[in-house]
Amino acid sequence: MTMPQSATTETPALSFQDDGGVSRSKWVAAALILALLGWMASGFVLPGEEPDTKTSVADAPREIAVAVRESRAEPVTRIFSAEGQAQPDRLSSIRTEATGEIAEVAARKGEAVEAAQIIARVDNTQRQAELERAQEELTRAERDFRNAETLLERGASTLDRIAETRSALAAARAQVAAAEEALENTIIRAPFAGTLDELTIEVGEYVTAGEEVGEIVDGEPLTVVIQVPQQSLSALEVGQDAEVSFITGQVRQGEVAYIGVNADAETRTFRAEIVVPNQEDPVPSGVSAEVRIPVGETVAHFLSPAVLSLGSDGALGVKTVDDGNRVEFHEVEIVRAQTDGIWISGLPDEVRIITIGQGFVSAGEAVAPRTEDEVATLAATDDRREMTE
């Protein structure tokens, strides 16, 4: 049976090549690629807008504000200052001059004694007996000498007999003197007026001649010993007034009594002595003291030590502001120090000293100086603003 012809005919495959939409999509894609490439190349081809290289006034660096104070130099006395130690005018050991037991102690340690005052006694029984025997010998020798002279006048004696008795008399007198001295040596006396600082004997204690039994100190006047550096030696001279402050809180006025002429081999300093009266409210010897000696006058500025700065080379100095509001650094020297500040030299007679902010500026830098009162007012205003916010 013959199939119908339409049944054997194949269905054609779908194709979009002839669709008009296909060609449009290609053109759109190509246009987008070209636009992208053009935008990327525009930064190299088209000149960009010149940036504004001019900085606005508001963005310009501002000068650092500092507080300054007007200062005028004033005459001030130069003071040489040194630490020292108080020494007594005289210091002596007390020694016995006889051997034996201590029979009496007549003074106490710490007691003020007068010159030649009895401090103690060594037993003198034997010395007293020796003195009595020597005196008897002296009496006999004197009698023999007188008899020899009488016999010589009568012609019954010779000159040799006179010489012999005279020699015996001299020997007897010497024995009496020696016995009296030995007896006196049993008494231990103060060599000079002072304070009995040490006494190491008791009644019944056995001592030997030459043994040290105590120490006496004469603290009137006191001598304060200081060491003077080489560079300050020319400013000092004997007779200068000096103020001495002791560590005990007592203050005395003294006088330079001695300046050495030979430097210490180790410290290269010279010994100087200041004599200080010490009668009323006595200062003990051996305590530390500070000596202040006026050595002339100079012109200096008075300021707080906090104002001092260090230069690039480590030199001590002060920063100031000149007429053009630029920072200057001046090397200075401390003339005199006080509890409330220091006096310095090395600055012009009239100057504006930077008192706040000196650590943030350098020499040659322009600053915006303000007085200390203005700075205080601005600080108070800022504090009030912070409290209200």
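Above this text you will find the structure in question.
Residues numbered from 1 in each chain as written. Predicted model: local features only at pLDDT ≥ 70, side-chain atom pairs only at ≥ 80, totals over all residues. Heavy atoms only, no water.

### Let's talk about the overall build of the protein chain
When its secondary structure is counted, the protein chain shows four helices and 20 strands. Sorting the 389 residues of the protein chain into buried and exposed places 29% on the buried side. Sequence separation of at least 24 residues holds for 73% of the intrachain contacts in the protein chain that already meet a minimum separation of 6. (Helix = DSSP H or I, 4+ residues; strand = E, 2+ residues; numbered from the N terminus. Buried < 20%, exposed > 50% of the residue type's maximum accessible area, 1.4 Å probe, protein only. Contact = heavy atoms within 4.5 Å.)

### Re a nonpolar patch on the surface
Together, L310, L316 and I334 line one region of the surface with nonpolar side chains, adding up to about 260 Å² of accessible area. Tracing the backbone through its elements, the reader meets I334 in strand β17 (residues 333-338). (Patch = residues over 30% accessible without salt bridge, like charges linked within 9 Å, V, L, I, M, F, W, Y side chains within 5 Å. Areas by Shrake-Rupley, 256 points an atom, 1.4 Å probe, with all protein chains shown as cover. Salt bridge = Lys/Arg side-chain N within 4 Å of Asp/Glu carboxyl O.)

### Brief notes about the pairing of strand β2 (residues 74-95)
Judged from the twelve bridges that link them, β2 and strand β13 (residues 288-303) form a sheet pairing that is antiparallel. Bridge pairing in β13 places V76 opposite T298. The sheet contact formed by β2 and strand β9 (residues 212-229) spans eleven bridges and is antiparallel. Considered in β9, the bridge of P88 is made with L222. (Pairing = 2+ DSSP bridges.)

### A short note on the packing of helix α2 (residues 125-154) against helix α3 (residues 159-184)
In contact at an axis separation of 8 Å, α2 and α3 are set at 160° when each is read in the N-to-C sense. Between α2 and α3, the interaxial angle falls into the category roughly antiparallel. Two packed elements cross with a definite hand, and for α2 against α3 that hand is left-handed. Taken together, the residues of the contact of α2 with α3 sort by class into 16 nonpolar, four polar and ten charged. (Axes fitted to C-alpha atoms, helices over the stretch in contact; angles between N-to-C directions. Parallel < 35°, antiparallel > 145°, perpendicular 65-115°, else oblique. Left-handed = near helix turned anticlockwise from the far one by under 90°. Nonpolar A, V, L, I, M, F, W, Y, C, P; charged D, E, K, R; others polar.)

### Looking at the nonpolar core
A general trend in soluble globular proteins is that nonpolar side chains are found buried together. Counting residues in each nonpolar core, the largest one holds 21 residues, and the members touching the most others are V224, I226, V244, F246, I274 and V291. Mapped by element, the contributors of at least two residues to this core are β2, β9, β10 (241-246), β11 (251-259), β12 (269-276) and β13. It is β9 that contributes the most residues to this core, four residues altogether. Discounting residues that sit within four places of it in the chain, F246 has contacts with A86, L222, V224, R252, V276, V283, V287, S288 and A289. Counting residues in each nonpolar core, the second largest holds 16 residues, with A120, L196, I201 and I216 among its members. (Core = buried A, V, L, I, M, F, W, Y, C linked by side-chain atoms within 4.5 Å.)

### Observations regarding the environment of D264
Within the fold, D264 resides in the loop between β11 and β12. Overall, D264 belongs to the partly exposed group, its relative accessible area being 35%. Sequence-wise, D264 and Q227 are 37 residues apart; in three dimensions their C-alpha atoms are separated by 9.2 Å.

### Things to note about the pattern of salt bridges
This structure, assessed with the given rule, holds ten salt bridges. In this structure, E164 engages R161 in a salt bridge whose closest nitrogen and oxygen atoms are separated by 3.7 Å. With E164 and R161 both in helix α3 and three residues apart, the pair spans about one turn of that helix. Across the pair R189 and E184 runs a salt bridge whose closest N-O atoms are separated by 2.8 Å. A relative accessible area of 32% places R189 in the partly exposed class. On the accessibility criterion, E184 (36% relative accessible area) is partly exposed. A network of salt bridges, in which partner residues are shared, links E137, R140 and D144.

### Topic: the side chain of H330
Note on placement: H330 falls in strand β16 (residues 327-331). Here H330 falls in the buried class, since its relative accessible area comes to 15%. Within the structure, the side chain of H330 is placed 3.1 Å from the side chain of T320, a separation counted as a polar contact. Residues within four places of H330 in sequence aside, it is in contact with L316, G317, V318, T320, G346, L347 and P348. (Polar contact = N/O pair within 3.5 Å; in protein donor to acceptor, adjacent residues only side chain to side chain.)

### Description of the sheet that holds strand β8 (residues 206-207)
Strand order in the open sheet made by the four strands is β6-β5-β3-β8, with antiparallel pairing throughout. Two strands close off the open sheet at either side, each with one partner strand: β6 (187-189) and β8. Bridge analysis of strand β3 (residues 100-105) against strand β5 (residues 118-122) gives three bridges, and the strand direction is antiparallel. Paired with V105 across the strands is A120, a residue of β5.

### Notes on the packing of aromatic side chains
The tally for this structure, following the rule as stated, stands at one aromatic pair. Taking the centre distance of 5.0 Å and the plane angle of 50° together, the rings of F302 and W343 count as tilted. Of this pair, F302 sits in strand β13 while W343 sits in strand β18 (residues 341-345), placing them 41 residues apart in sequence. Against the face of F192 rests R90, its NZ or CZ located 4.3 Å from the ring centre. (Phe/Tyr/Trp six-rings, centres within 6.5 Å; stacked < 30°, edge-to-face > 60°. Lys NZ or Arg CZ within 6 Å of the ring centre and 35° of its normal.)

### A closer look at α2
Spacing of three or four residues puts side chains on the same side of an α-helix, whose turn is 3.6 residues. When the terminal C-alpha atoms of α2 are compared, their 44 Å separation across 30 residues agrees well with the 44 Å that a helix rising 1.5 Å per residue should span. Regarding α2, the residues found buried are R127, L131, A134, L138, A141, F145 and A148. Looking at the packing, one finds that the buried side of α2 touches α3. Just past α2, the residue G155 takes up positive phi, approximately 85°. (Expected span 1.5 Å × (residues − 1).)

### Structural notes on unusual backbone geometry
Looking along the chain, the bond that leaves E220 and enters P221 is cis, with omega of 0°. Topologically, P221 is positioned in strand β9. Phi at D281 is positive, roughly 45°, even though this residue is not glycine. In this fold, D281 is placed in the loop between β12 and β13.

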